Amino acid sequence: MCGIIGYLGKKPIVPVLLEGLKRLEYRGYDSAGIVTLSNGKINLVKQAGKISNLESLLAERPINGVAGIAHTRWATHGVPNSTNAHPHTDCGNKFALIHNGIIENFGAIKTDLISKGHEFKTQTDTEALVHLIEEFYKHHMPFEEAVRAALLQVEGTYGIAVVCSDEPDVIIAARKGSPLVVGHGDGENFVASDVSAIIDHTKQVSYLDDDEMAVVRRNGIEVKTISNLPVQKQVEQVAFELGRIEKGGYDHFMLKEIMEQPSTIKDAMRGRLIKDEGIARLGGMHEVMEALLNAKRFLITACGTSWHAALIGEYMLEEFVRVPVEVEYASEFRYRDPVIEENNVVIVISQSGETADTLAALREAKRKGASVIGICNVVGSTIARDVHAGAYLHAGPEIGVASTKAFTSQVTLLALITLFLARHRNMSAAKGAEIVQEMAALPEKVEKILGLREQIKKIAQLYHMSNNFLYLGRGYNFPVALEGALKLKEISYIHAEGYPAAEMKHGPIALIDENMPVVFIATKDSTYEKIVSNIEEVRARRGKVIAIATEGDEEIGKRADHVIYIPQTQQMLQPILTIIPLQLLAYYIAIMRNCDVDQPRNLAKSVTVE
Ligand code: M6R
């Protein structure tokens, strides 16, 4: 979603801010803007559309300065045009402010300010805040105090950075519900919504917590609470390398991330599989070990792709740990007053660790007394810091908006948790060893499937003009059907639906004719015979069948129009293999339709608003 970068230092400001914005592009946005401070005034340039549009405008109207802030906006209030783009300014053009989040009571603030003579230029919620700061400043409050006073009136969520032309050596940043990080440099300092924006310049960062405010100056950063108490922040060293947020020779981040999966799956398992004992080790779970081992029920909550991984977790835990599991969308969980009893453990799954609904669900679960475990990718993210204990995916930054490598790593982590718990309960050492062996073999098997790219591209060529797709699977492969359909719809804009294969007869079968490609995940497992019958039902109605099948299954070749063969594995681990061809199919179809796969329309990488 929206992205923030601010800089105070000696480097040419516009390149620093623009490069930072480009690193934030992956979050999804629809307009961009920049403000610099020079000679006691603010220089504002903003534009609808891509950052390249902003760059063109800056080439026509160059600006400079020693301090500045810049923003990519993902519209919530007001259409995505250049007027509504951030930064926003007050009536006197003294303040400029960028904001991620939503100011819920902006209507009341705006009405009050209009009655006091303020003139509004935009349809955004954010503009109310900059006028409110102006209002306090007019009444002789210093800049910092005026920001604090304004924030105390705000209901909703924010990550903000604000500058004042009277104080060109200061950027004030504050956070409530929207991530912000400050970067410590040598004679220069930064603020950003995401470390990737500043990683070119510094790896020393401090993450702001909710209700904290940072006063960023060239030679130091002071952090306080919104209520003005000093806060000692830890300076942390960011671990990831710049190369991991670059395309590395691939045309798109999405393809790079799909191709990385043999190593990201290996990284998710590194040091966690103990072959000799047939067990998994989960270092980060100490805090909740007792709760985990005594759990009588698990609730797993997440959004989007992470929710699909959660469904697979439900199948795994129920089959092997024999404990009831419920999976719920975080957006429903948070408002539904869910029943959480003693010995219930909540697992939250989030690649970004910043998804607003998942974060709220996690806090609700904590409020209700549950032990909460997190499965996150982004190190230091809000969810990762808020849970009682957890495990990181170690998949490295995922830049493509469509989640790919995070999904396979999430499923890998859930398999590790299952193995860990099952071996503590009633799984035999022999079964444990079998699973460990199969898990260890996954990276090589994924590599083999990635080698099928040319075949998958040819299938994409045949169907890329289709208007609809159906994805069907059973058991562990039902969530894969959902995920395959999500991948296709989000990057190619083709309508696609995933169903449990048996449900087809209860409605979707009405859609099937010769124009409907149906993707079956039909691996050799306990539901194989059933799914073969479903394939026949589709064929009888002249639907086109694309099957993901197990190597050596000759039978399926006689029934499907196209078969993509993948290696055999344990049933519970199949999703890690079966999703790979579906990711590639979605990718190639989207490319053939000339879609922007890394930044699909309307989507954001981390959904930090409700
Ligand atoms: O960062 P999270 O895992 O919490 O994100 C959840 C969803 O927003 C995310 O998976 C989304 O559905 C992706 N675009 C799917 O590719």
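About the thresholds
Residues numbered from 1 in each chain as written. Predicted model: local features only at pLDDT ≥ 70, side-chain atom pairs only at ≥ 80, totals over all residues. Heavy atoms only, no water. Pairing = 2+ DSSP bridges. Helix = DSSP H or I, 4+ residues; strand = E, 2+ residues; numbered from the N terminus. Contact = heavy atoms within 4.5 Å. Axes fitted to C-alpha atoms, helices over the stretch in contact; angles between N-to-C directions. Near = heavy atom within 4 Å. Polar contact = N/O pair within 3.5 Å; in protein donor to acceptor, adjacent residues only side chain to side chain. Domains from an automatic or database assignment. Phe/Tyr/Trp six-rings, centres within 6.5 Å; stacked < 30°, edge-to-face > 60°. Buried < 20%, exposed > 50% of the residue type's maximum accessible area, 1.4 Å probe, protein only. Lys NZ or Arg CZ within 6 Å of the ring centre and 35° of its normal. Core = buried A, V, L, I, M, F, W, Y, C linked by side-chain atoms within 4.5 Å. Parallel < 35°, antiparallel > 145°, perpendicular 65-115°, else oblique. Left-handed = near helix turned anticlockwise from the far one by under 90°. Nonpolar A, V, L, I, M, F, W, Y, C, P; charged D, E, K, R; others polar. Salt bridge = Lys/Arg side-chain N within 4 Å of Asp/Glu carboxyl O. Right-handed = clockwise from strand over helix to strand, strands pointing away.

## Considerations on the sheet that holds strand S7 (residues 158-164)
What the six strands build is an open sheet, ordered S5-S6-S7-S8-S12-S13; its pairing is antiparallel. The sheet terminates laterally at strand S5 (88-89) and strand S13 (220-225), the two strands that pair on one side only. As paired elements, strand S6 (residues 95-100) and S7 share six bridges and run antiparallel to each other. The partner of Phe-95 across the bridge, within S7, is Cys-164. Where helix H4 (residues 126-138) meets the sheet, it contacts S5, S6 and S7, and its direction lies at approximately 140 degrees from that of S6. Where helix H5 (residues 143-152) meets the sheet, it contacts S6, S7, strand S8 (171-176), strand S12 (212-217) and S13, and its direction lies at approximately 150 degrees from that of S7.

## Focus on the site of the ligand
Around the ligand, the structure places 15 residues, and the nearest of them are Ser-306, Ser-350, Ser-352, Thr-355 and Glu-490. Thr-355 is positioned with one of its side-chain polar atoms (N or O) 2.4 Å from an oxygen atom of the ligand. Counting residues per element, the ones that place at least two in the shell around the ligand are helix H9 (304-320) and helix H16 (477-492). Formed jointly, the shell around the ligand draws a minimum of three residues from each of two domains, domain 2 (248-443) and domain 3 (451-596).

## Comments concerning the sheet that holds strand S26 (residues 562-566)
The five strands lie next to each other as S23-S22-S24-S25-S26, forming an open sheet whose pairing is parallel. Either end of the sheet is taken by a strand with one partner, and the two such strands are strand S23 (495-500) and S26. Recorded for the sheet is a direction-independent mean angle of 15 degrees between the axes of neighbouring strands. As paired elements, strand S22 (residues 468-473) and strand S24 (residues 517-522) share three bridges and run parallel to each other. Bridging from a neighbouring strand, Leu-470 pairs with Val-518 of S24. Strands S22, S23 and S24 of the sheet are contacted by H16, whose axis makes an angle of about 175 degrees with S23. Helix H17 (residues 528-540) contacts S22, S24 and strand S25 (544-550) of the sheet and is inclined by roughly 170 degrees relative to S24.

## Some remarks on the packing of aromatic side chains
Evaluated as defined, the whole model comprises seven aromatic pairs. Each ring, one from Trp-307 and one from Tyr-329, has its centre 3.9 Å from the other, and the planes form 15 degrees; the classification is stacked. Linking Trp-307 in helix H9 with Tyr-329 in strand S18 (residues 325-329), this pair joins segments that are 22 residues apart in sequence. Relative accessible area serves as the criterion here: at 37%, Tyr-329 is assigned to the partly exposed category. Taken together, the aromatic side chains of Phe-95, Tyr-137 and Phe-143 make up a single cluster linked through ring pairs. A cation over a ring is seen here: Arg-601 above Tyr-493, with NZ or CZ 3.8 Å from the ring centre.

## Some remarks on the nonpolar core
Core analysis: the biggest nonpolar cluster contains 98 residues, and Met-285, Phe-298, Met-439, Phe-469 and Tyr-471 have the highest contact counts within it. Here this core spans two domains, and each of domain 2 (248-443) and domain 3 (451-596) adds at least three residues to it.

## Side note on the pairing of strand S21 (residues 389-392)
Side-chain alternation along S21 places Ala-389 and Ala-391 on a buried face and Gly-390 and Tyr-392 on a face that remains uncovered. Bridge count between strand S20 (residues 371-376) and S21: four bridges; the pairing is parallel. Within S21, the position partnered with Cys-376 by the bridge is Tyr-392.

## Focus on the domain arrangement of the protein chain
In terms of domain boundaries, the protein chain breaks down into domain 1 (3-238), domain 2 (248-443) and domain 3 (451-596). Look at where the C-alpha atoms of domain 1 and domain 3 centre, and you get two points 45 Å apart.

## Here's the deal with the packing of H16 against helix H19 (residues 574-592)
Between H16 and H19, the least distance of the axes is 9 Å, while the angle of their chain directions is 20 degrees. As the angle between them shows, H16 and H19 are arranged roughly parallel. The chirality of how H16 crosses H19 is right-handed. Every residue of H19 that contacts H16 at Asn-477, Val-480, Glu-483, Gly-484, Lys-487, Leu-488, Ile-491 and Ser-492 is listed here: Gln-574, Pro-575, Thr-578, Ile-579, Leu-582, Ala-586, Tyr-587, Ile-589 and Ala-590. Each residue belonging to the contact of H16 with H19 can be placed in one class, and the counts come to ten nonpolar, five polar and two charged.

## Considering the pattern of salt bridges
When their charged atoms lie close together, side chains carrying opposite charge are able to pair. Inspection of every chain in the model, using the stated rule, returns 40 salt bridges. Between Arg-385 and Asp-209 there is a salt bridge, and its shortest N-O distance comes to 2.7 Å. Here Arg-385, found in helix H12 (residues 382-386), pairs with Asp-209, found in the loop between strand S11 (204-207) and S12; they are 176 residues apart in sequence, far enough to count as distant. Between Asp-210 and Arg-363 there is a salt bridge, and its shortest N-O distance comes to 3.3 Å. Of this pair, Asp-210 sits in the loop between S11 and S12 while Arg-363 is found in helix H11 (residues 356-367), placing the two residues 153 residues apart along the sequence. Salt bridges sharing common partners tie together Glu-144, Glu-145, Arg-148, Glu-222 and Lys-224.

## Considerations on unusual backbone geometry
Following His-86, the chain continues to Pro-87 via a peptide bond in cis, the omega torsion being 0 degrees. Notably, Asn-602 is not glycine yet its phi reads approximately 70 degrees, a positive angle. On the secondary structure map, Asn-602 appears in the segment after H19. Its relative accessible area of 64% is what places Asn-602 among the exposed residues.

## A word on the pairing of S26
Among the five residues in S26, four count as buried, and that is most of the element. Two elements, S25 and S26, share five bridges in a ladder whose sense is parallel. When the bridges of S26 are listed, Ile-548 appears paired with Ile-564. Between the parallel elements S25 and S26, the chain passes through helix H18 (residues 554-559) in a crossover that is right-handed.

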